[in-house]
Amino acid sequence: QLRDGVNRFGNALRDLGLQAEQRVLMLQLDSIDFPIAFFGAIKAGLVAVPVNTLLTTDDYHYMLRDSRARALVISAELLPVVAPVLDQLPDLQHIIVTGNGDAGGHRTMAAVLEGASSELTAAATSADDVAFWLYSSGSTGRPKGAPHLQSDMINTAVLYGMAVLGIRSDDVVYSAAKLFFAYGLGNALTFPMAVGATAVLMAGRPTPDDVMARVRDNKASIFYGVPTLYAGILADESIDRAASSPNLRHCVSAGEALPEEVAKRWAERFGVEILDGIGSTEMLH
């Protein structure tokens, strides 16, 4: 089903007239539509640009101009945030709205998928061609678009996902970090896809209760969080190993320094050590 969606979306973008290496900006909540858009754009030879869903109208205006995006794929819930600037972007030619909300008169993902072919020959890209951009957080000024190559995803999947985590086809992974982050993109998309594992996605805000409910209900074996979230979960004494997953074998942290006390308390309560990782928008895992 995912292959079908990816092929249809890649064909839809080509049918709209998009050319190789043009950017497709993705402002999307975590759902099945994200990998369809991400892999569909890349397979068609375009450059996917997933961006943070928690930013301002001005931020999106800047990123759309900076990337010279020809298409915007956006969750219906987020459309009102960018609506005020859509007529100020001469390079932006197409808007595709995902999800079940009001599409504001724009094309919907469902409609473009329905009208496209399910067979797509991958673009003739090389390992050194750009596959996607990720924008930095902008801590030193305006966010910078960091380009990543076609080979970067499989390299991180092999060297971190497989070599460090030992991710397997029978794993169920849940990442509280969203797919638009370099951390979440590897956690819940490229690593599980590389081995045929299962990824659990949640569109909403990752509160401690909701996160642990996903881990428990889906019997997750690998959980990816950030130190603040681990501390928040530990603050609730009612959340313990019995309230998590019987299959939990790896917990991973990144995004900020992991306090030693949090790491020790987590290992004591859940019986699983936190692997303290490091990575960045620019370098991935």
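Computed from a prediction, not measured in an experiment: that's the story for all the values here.

Reading the values: the criteria
Residues numbered from 1 in each chain as written. Predicted model: local features only at pLDDT ≥ 70, side-chain atom pairs only at ≥ 80, totals over all residues. Heavy atoms only, no water. Phe/Tyr/Trp six-rings, centres within 6.5 Å; stacked < 30°, edge-to-face > 60°. Buried < 20%, exposed > 50% of the residue type's maximum accessible area, 1.4 Å probe, protein only. Helix = DSSP H or I, 4+ residues; strand = E, 2+ residues; numbered from the N terminus. Contact = heavy atoms within 4.5 Å. Pairing = 2+ DSSP bridges. Axes fitted to C-alpha atoms, helices over the stretch in contact; angles between N-to-C directions. Salt bridge = Lys/Arg side-chain N within 4 Å of Asp/Glu carboxyl O. Polar contact = N/O pair within 3.5 Å; in protein donor to acceptor, adjacent residues only side chain to side chain. Right-handed = clockwise from strand over helix to strand, strands pointing away.

### What to know about the packing of aromatic side chains
Then step 1. If you walk through the whole model with that rule in mind, you get 11 aromatic pairs.
Then step 2. With centroids separated by 4.3 Å and ring planes inclined at 40 degrees, the aromatic side chains of F180 and F181 adopt a geometry described as tilted.
Then step 3. Classification of F181 by relative accessible area gives partly exposed; the value is 37%.
Then step 4. In this structure an aromatic cluster arises from ring pairing among Y174, F223, Y230, W266 and F270.

### So, unusual backbone geometry
Then step 1. The phi torsion at K219 lies on the positive side, around 50 degrees, for a residue other than glycine.
Then step 2. Inspection of the secondary structure assignment puts K219 in the loop between α8 (208-217) and β10 (222-225).
Then step 3. On the basis of relative accessible area, K219 is assigned to the partly exposed category, the value being 47%.
Then step 4. Phi is positive for L284, which is not a glycine, with a value near 60 degrees.
Then step 5. In this fold, L284 is placed in the segment after β12 (274-276).

### Considering the environment of D91
Then step 1. Inspection of the secondary structure puts D91 in the loop between α4 (79-82) and β4 (94-98).
Then step 2. In this structure the C-alpha to C-alpha distance between D91 and R65, which are 26 residues apart in sequence, comes to 7.6 Å.
Then step 3. With near-sequence residues (within four places) excluded, D91 lies in contact with R68, A69 and R70.

### Notes on the sheet that holds strand β9 (residues 198-200)
Then step 1. Taken in spatial order, the 5 strands of this open sheet run β9-β8-β10-β11-β12, and their pairing is parallel. With partners counted over all chains shown, the strands left at the sheet margins are β9 and β12, one partner each. On average, each strand axis in the sheet is tilted by 25 degrees relative to the strand beside it, whichever way the strands run.
Then step 2. Direction of pairing for β10 relative to strand β11 (residues 250-253): parallel, over a ladder of 4 bridges. The residue of β11 that forms the bridge with G225 is S253.
Then step 3. Against the sheet, helix α7 (residues 182-195) touches β8 (172-175), β9, β10 and β11, its axis set at about 160 degrees to β8.
Then step 4. Across the sheet, helix α9 (residues 227-234) is in contact with β10, β11 and β12; its angle to β10 comes to roughly 110 degrees.

### Some details on the pattern of salt bridges
Then step 1. Throughout the structure, instances matching the rule amount to 9 salt bridges.
Then step 2. A salt bridge links R3 to E119, with the nearest nitrogen and oxygen atoms 3.3 Å apart. Note that R3 is positioned in helix α1 (residues 2-15) and E119 in the loop between α5 (109-114) and β6 (130-135), a separation of 116 residues in sequence. In terms of burial, R3 and E119 fall into one category: exposed.
Then step 3. Its salt-bridge partner being R216, residue D217 comes within 3.1 Å of it at the nearest N-O pair.

### Section: the side chain of Q28
Then step 1. One can find Q28 in the loop between β1 (23-27) and α2 (33-43).
Then step 2. Within polar-contact distance, the side chain of Q28 engages the backbone oxygen of D33 at 3.3 Å.
Then step 3. Those residues within four positions of Q28 in sequence are excluded, and the remaining contacts are D33, F34, A37, T53, V73, I74, S75, L78 and T98.

### As for α2
Then step 1. The element α2 is largely enclosed, with a buried count of 10 among its 11 residues.
Then step 2. Taken residue by residue, α2 has D33, F34, P35, I36, A37, F38, F39, G40, A41 and I42 as its buried positions.
Then step 3. Following α2 by one or two positions, G45 adopts a phi angle in the positive range, close to 90 degrees.

### Side note on the pairing of strand β2 (residues 47-50)
Then step 1. A two-sided burial pattern is seen for β2, the buried positions comprising V47 and V49 on one face and A48 and P50 on the other.
Then step 2. Here β1 runs beside β2; their pairing, made up of 4 bridges, is parallel. Across the sheet, M26 pairs through a bridge with P50, a residue of β2.
Then step 3. Remark: the β1/α2/β2 crossover connection has right-handed handedness.

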